[in-house]
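Each chain, written out:
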Amino acid sequence: MNSNYEEWDRIYRKFPLEVLPWELGRPRKVLVDLVEKGLIPKGKALDICCGAGTNTVYLAEKGFQVTGIDISSKAVEYARKKAEQANVKINFMVQNFLKLPFKDEEFDFVFDMGCFHHVEVEDRNTFIKRISRVLKNDGLYLLICFSYKNGPAWNHFTKKQVIHLFSRYFEIKEIKHISSVEGDGLKRYFYSVLMEKK
């Protein structure tokens, strides 16, 4: 397991949730909008890099059968408590996103809030192939990743890059440039990409 990935557990142990920018304490608006409009039908869902489980709990409350994975055992501990408080049943696992110990075509929907943009360049193709493998035929993948508008960085993407990286395995149904005021009060820019497995 890559030590850079293991660093996430240290972050969750060192800092309270309130200071982690990505932990908003409420589900992501783009996810809520798509679910409320019926564009992501209820089914078996995987929340990859689920963190403290806010989006995972939201999906369970909306009737999805949800599995949440995160590499941080501390994050999963938070997530389990949140699910217990919400009185929803979720299968949480401490797991590396490159391994995905699931059957082929197990999920109808995969949600990825900020996971892919932390995948090392050399692991990107493996990650994308494994997401495709665990999705059912015509399954949906909602990716939210950093945009180039945040400034130059190895994991800030252009629309062209996103299309190039994913189009071999997915048909891109919708790609939108969005902004969000994160938990630290700073505005960040993202691509929200709804894809269907080819």
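For the structure, see preceding data.
Described in the following lines is the structure provided in the data block. Values in this document were obtained by computation on a predicted structure and should not be read as measured data. (Residues numbered from 1 in each chain as written. Predicted model: local features only at pLDDT ≥ 70, side-chain atom pairs only at ≥ 80, totals over all residues. Heavy atoms only, no water.)

**Description of the packing of helix α3 (residues 54–61) against helix α4 (residues 73–86)**
Where α3 meets α4, the closest approach of the two axes is 9 Å, and the angle between their N-to-C directions is 30°. On the basis of the axis angle, α3 is roughly parallel to α4. Like other packed secondary-structure pairs, α3 and α4 cross with a definite hand, here right-handed. Listed contacts from α4 to T54, V57 and E61 of α3 are K82, A83 and A86. Split by residue class, the contact of α3 with α4 holds 3 nonpolar, 1 polar and 2 charged. (Axes fitted to C-alpha atoms, helices over the stretch in contact; angles between N-to-C directions. Helix = DSSP H or I, 4+ residues; strand = E, 2+ residues; numbered from the N terminus. Parallel < 35°, antiparallel > 145°, perpendicular 65-115°, else oblique. Left-handed = near helix turned anticlockwise from the far one by under 90°. Contact = heavy atoms within 4.5 Å. Nonpolar A, V, L, I, M, F, W, Y, C, P; charged D, E, K, R; others polar.)

**Digging into the state of the cysteines**
One pass over the full model with this rule turns up 1 disulfide. The side chain of C49 participates in a disulfide bridge whose partner is C115; the two sulfur atoms lie 2.1 Å from each other. Residue C49 is found in the loop between β1 (44–48) and α3, and its partner C115 is found in the loop between β4 (107–113) and α5 (124–134); the two are separated by 66 residues along the sequence. In this structure C49 comes out as partly exposed when scored by relative accessible area, which is 23%. Not part of a disulfide, C50 finds its nearest cysteine sulfur in C49, a span of 8.1 Å. (Disulfide = S-S within 2.5 Å. Buried < 20%, exposed > 50% of the residue type's maximum accessible area, 1.4 Å probe, protein only.)

**Observations regarding unusual backbone geometry**
For residues other than glycine, phi is negative in most cases, and the peptide bonds are mostly trans. Residue N87 is not a glycine yet carries a positive backbone phi of 60°. Positionally, N87 belongs in the loop between α4 and β3 (91–94). Judged by relative accessible area, N87 falls into the exposed class, the value being 69%.

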